[in-house]
Amino acid sequence: MNTDRFAISLDLINRHYQEPNRNRFESKYFWEELYPLIRASGFRSIEIPYEPVWQFGGRSGVPMNRYCINTKYASAAGYRAALAERGIEQVTGVTFDPNLFMRNESLDFFFGAGGHFAGEALAHAADLGADYFAISPSPYYGRAAHYHPDLEDKRESFTQRMTDLLAGLAEKAVAAGVVLVLRNEYWSLYRGEAILPLLEALPDSVRLDVDTASLTIAGIDPAAFIEAHQHRIGVVHLTDTAFVDTHETWKTANPEFPEHRATQVFRDPGTGSVDLAGIVSLLDRLGYQGPIVMSARQTRDPFRALLRTRALLDQLPH
Amino acid sequence: MPNIRYANMCHWKSIPYRRIENFREFYYEDKTNTAYYSDWDTILKYQAALGFDGIEIAPWDLADILPLFGSPENFTAFAKDRGVSVIGMFHGAHASHDSGHFDEAVRAGREAVDTIVRFGGSYMNTCPTQNHYGCGPLSREEVQQCAKVMNEIGRYATDHGVKIGLHNEFFCAINLPNHRELIESTDPKLVHYCIDTAQISIMGEDLLTFYRDYHDRISTFHLKDTASAKQPDSVRYAQDPEITDDGTRWFWEPGMGELDLKGLYRLLKEHEFKGWMSIEYDGSPDLLASMALTRYYLDTELRPIYD
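Since we're looking at a predicted model, the values are computed, not measured.

In terms of helices and strands, chain A carries eleven helices and ten strands. Against the 2.2 N^0.38 benchmark of 20 Å for 318 residues, chain A shows a C-alpha radius of gyration of 18 Å, consistent with a compact globule. Principal axes of the C-alpha set define a box for chain A whose edges measure 50 × 40 × 40 Å. Among the 318 residues that make up chain A, the fraction classed as buried is 61%. Counted over contacts in chain A with a minimum sequence separation of 6, partners at least 24 positions apart contribute 79%. For chain A, the exposed surface amounts to about 11,400 Å²; the carbon and sulfur share of it is 49%.

The next subject is the side chain of D30 of chain B. Within the secondary structure, D30 of chain B sits in helix α1 (residues 23–30). Residue contacts for D30 of chain B: discarding those within four places in its chain leaves Q264, D268, R300, R304 and R308 of chain A.

A separate point is the interface of chain A and chain B. In this assembly, 32 residues from chain A lie in contact with 32 residues from chain B. Here chain A and chain B share an interface that buries about 3,000 Å² over both sides, 44% of which is from carbon and sulfur atoms. Per-residue buried area on chain A facing chain B is highest for P20, N21 and R300 of chain A; these three make up 24% of the total on that side. Taken together, the connections running from chain A to chain B amount to seven salt bridges. In this structure, R261 of chain A and E25 of chain B form a salt bridge, with 3.1 Å as the shortest nitrogen-oxygen distance. The tally of links from chain A across to chain B stands at 21 residue pairs in polar contact (both at pLDDT 80 or more). The set of elements that each furnish at least two residues to the side of chain A that touches chain B consists of α1 (28–40), α2 (66–73) and α11 (302–315) of chain A. The element contributing the most residues to the side of chain A that touches chain B is α2 of chain A, with three residues.

The subject of this paragraph is the pattern of salt bridges. Residue and element names in this part refer to chain B. Per the stated rule, a full pass over the model turns up 49 salt bridges over all chains. Salt-bridge contacts for K189 lead to D187; the nearest nitrogen and oxygen are separated by 3.5 Å. Between D282 and K224 there is a salt bridge whose closest N-O contact spans 3.1 Å. Within this pair, whereas D282 is found in the loop between β8 (275–279) and α12 (287–302), its partner K224 is found in the loop between β7 (218–223) and α10 (233–236), the two being separated by 58 residues in sequence.

Here the focus is the packing of aromatic side chains. Inspection of the entire model under this criterion finds 31 aromatic pairs over all chains. Here the aromatic rings of Y211 of chain B and F221 of chain B are separated by 6.0 Å at their centres, their planes lie at 40°, and the arrangement is tilted. With a gap of ten residues between them, Y211 of chain B in helix α9 (residues 207–214) and F221 of chain B in strand β7 connect regions that are remote in the sequence. For the pair Y211 of chain B and F221 of chain B, a shared accessibility class is recorded, and that class is buried. Three or more aromatic residues link up through ring pairs in this structure, and these residues are W40, F69, F75, F78 and F119 of chain B. Positioned above the aromatic ring of F266 of chain A is the side chain of R297 of chain A, whose terminal nitrogen or guanidinium carbon lies 5.3 Å from the ring centre.

Moving on, we get to the sheet that holds strand β7 (residues 233–238) of chain A. The eight strands are arranged β1-β2-β3-β4-β5-β6-β7-β10 (chain A) in a closed barrel whose pairing can be described as parallel. On average, each strand axis in the sheet is tilted by 30° relative to the strand beside it, whichever way the strands run.

Okay, the sheet that holds β7 of chain B next. Residues and elements named next belong to chain B. The strand order around the closed barrel built from eight strands is β1-β2-β3-β4-β5-β6-β7-β8, with neighbouring strands paired in parallel fashion. On average, each strand axis in the sheet is tilted by 30° relative to the strand beside it, whichever way the strands run. The sheet contact formed by strand β3 (residues 85–92) and strand β4 (residues 123–127) spans five bridges and is parallel. Note on β4: the bridge partner recorded for G88 is Y123.

Taken over all residues, the pLDDT of chain B has a mean of 96, while the share at 70 or more is 100%. Here the predicted complex scores 0.94 on pTM and 0.92 on ipTM.

Moving on, we get to the packing of helix α5 (residues 102–119) of chain B against helix α6 (residues 140–159) of chain B. All names here are of chain B. It is the contact of α5 with α6, at a shortest axis distance of 9 Å, that shows an interaxial angle of 30°. The orientation of α5 relative to α6 falls into the category roughly parallel. Considering only the axes of α5 and α6, their crossing is right-handed. Residues F102, A105, V106, G109, R110, V113 and D114 of α5 lie in contact with α6, whose contacting residues are Q145, K148, V149, E152, I153, Y156 and A157. For the contact of α5 with α6, the per-class residue count stands at eight nonpolar, two polar and four charged.

Core analysis: the biggest nonpolar cluster contains 100 residues, and L10, I46, Y79 and F133 of chain A have the highest contact counts within it. In terms of residue count, the dominant contributor to this core is helix α4 (residues 107–127) of chain A (nine residues). Each residue touching I46 of chain A, except ones within four places of it in the same chain, is listed here: A7, I8, L10, I38, Y79, L83, I88, Q90, V91, T92 and G93 of chain A. Counting 87 residues, the second largest nonpolar core, distinct from the first, contains Y37, W40, F171 and F273 of chain B.

A word on the pairing of strand β4 (residues 132–135) of chain A. All names here are of chain A. With burial as the criterion, each face of β4 is covered, one bearing Y132 and A134 and the other bearing F133 and I135. In this view, the connection linking strand β3 (residues 90–96) to its parallel neighbour β4 by way of α4 has right-handed handedness. In this sheet, strand β5 (residues 179–182) lies alongside β4 in parallel orientation, the contact comprising four bridges. In the strand pairing of β5, F133 is matched with L180.

So, on to the environment of G161 of chain B. All names here are of chain B. When you line up the elements, G161 lands in the loop between α6 and β5 (163–166). The exposure class of G161 is exposed, given its relative accessible area of 53%. The spacing of G161 and G120 is 41 residues in sequence and 9.8 Å in space, taken between C-alpha atoms.

Turning to the environment of A82 of chain A, a few remarks are in order. Residues and elements named next belong to chain A. Note that A82 resides in helix α3 (residues 76–85). For A82, a relative accessible area of 10% translates into the label buried. Separated by 198 residues in sequence, A82 and V280 have C-alpha atoms that sit 31 Å apart.

Conventions used here
- Residues numbered from 1 in each chain as written.
- Chains lettered and ligands numbered in written order.
- Predicted model: local features only at pLDDT ≥ 70, side-chain atom pairs only at ≥ 80, totals over all residues.
- Heavy atoms only, no water.
- Helix = DSSP H or I, 4+ residues; strand = E, 2+ residues; numbered from the N terminus.
- Rg over C-alpha atoms; globule rule 2.2 N^0.38 Å.
- Buried < 20%, exposed > 50% of the residue type's maximum accessible area, 1.4 Å probe, protein only.
- Contact = heavy atoms within 4.5 Å.
- Areas by Shrake-Rupley, 256 points an atom, 1.4 Å probe, with all protein chains shown as cover.
- Buried area = accessible area lost by both parts, 1.4 Å probe.
- Salt bridge = Lys/Arg side-chain N within 4 Å of Asp/Glu carboxyl O.
- Polar contact = N/O pair within 3.5 Å; in protein donor to acceptor, adjacent residues only side chain to side chain.
- Phe/Tyr/Trp six-rings, centres within 6.5 Å; stacked < 30°, edge-to-face > 60°.
- Lys NZ or Arg CZ within 6 Å of the ring centre and 35° of its normal.
- Pairing = 2+ DSSP bridges.
- Axes fitted to C-alpha atoms, helices over the stretch in contact; angles between N-to-C directions.
- pLDDT = per-residue confidence, 0-100.
- Parallel < 35°, antiparallel > 145°, perpendicular 65-115°, else oblique.
- Left-handed = near helix turned anticlockwise from the far one by under 90°.
- Nonpolar A, V, L, I, M, F, W, Y, C, P; charged D, E, K, R; others polar.
- Core = buried A, V, L, I, M, F, W, Y, C linked by side-chain atoms within 4.5 Å.
- Right-handed = clockwise from strand over helix to strand, strands pointing away.

Quick look at the structure:
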């Protein structure tokens, strides 16, 4: 498989937990220095994690939403040109999770604000020329349960509202020429195979996002999952982990930081226990032609992670 | 008891752990310094070790603190066990200049006061409205509307044992042309002032003159230095000026910029200021180093003038 076409996610830079303060991540210069380094490590395409939060409070140097891009580059086209000058040829995809909007007892607020910004993010993905828009159909289970202790009682109605929201996005995605894909993080209401009924309720145009570490943590063998659902896969995230969820961390309010034992849940690719080489071989054998994205979303050192990721890919058969 | 007690405005941003019990194991996972700044236990110990008895939290901390600790009271007890008191919380009074937003601005302000009370704090340093870009320049009526909101929140705060202090950023819609007008339009019994030494200097106020003029309104400080005083309108009124594109820092640790902080301390002595001085390190890439540098400067340069 030609690993040159693999993208890398900008979740490499964790704006929230990677280092004390975060002001350098909020400056345009940081990102414009980063893009050539990404290219130097062999990646030509990136994925953008869409974060509405940077729209508020004057932090528009973070290139994670439409407002920020328009502030700093006038338009998506301006941003794409700036990326191209620095060796990044494509924004492969845009991801979106609604955790920001799970902040009170109002599900109307969650679906209203979350739906609005999901629509913004999808339109932004189209403007950027992205192949896919990957949405998490659930907030952190634990965060939702914090504000809705009766979450399980509400599951059916929550799922119906989410299905309606996603169906609307699916229609817009088709019109925009972007593939809508569903993420199924290990902390989701729809973790592991629980994503499948939701997917079945949506048009065929909607695809699955395979996240190898998330599936592993949820107790699903990613290779078996890929084989079983190969025709519905829209994007593969090659993530790594060594975490075993023995304490139902997935149900906690901040599930990437296990309360009972501090650990880095998502390890830099190649430093965990997921057989990423085996997954790549499998995708090759199955003739998978869709996007593949490397992610080091919780790295403690993004520049080391960038090179570790390339070192891993260099070891794979070409 | 010293006249001035020292706190830190919390700029660590998100701290994911309450206490890392498996510190060595966590460190060995990737052998970086992450373990040294990922839990409240460690950060509060840094504060206590460096003589900062207070912490001023920020709204951006709540999303992590509340689920981690279960309640504001639990966080306060945890901090107190490590020798640190919660002195208050920052608040942004969004759109308070807009009469159509009056109820919402007052409601949000009251809720923030309630939160501070639960944390055991007594200060709410409050940015009077949002950035100049997008809503400035304000009319006289809009400034008065701002004052009306501040008075209303201030009344509620005072009734609950909290002092609200106007806190003006250099890029706010309340800016040099109407900064003093707002202060003077508020009720001095209900609305106080938090001098952010760098912010008001960048905005164009002379720090020492401002303190002389308003010393009887000052509830607390955000003490920080700057090398960028008196910025022009084109900078202050620009879109998103707080974080610069090229990494230029507006704010420095006390003594690392150009403000006459020793002159300020002479005035504090003259007017016998008593209260909390919150140090703010926004812009720093290394908050622990900033805290230590600040402690050295306080002990060797400022506290000998007035303590």
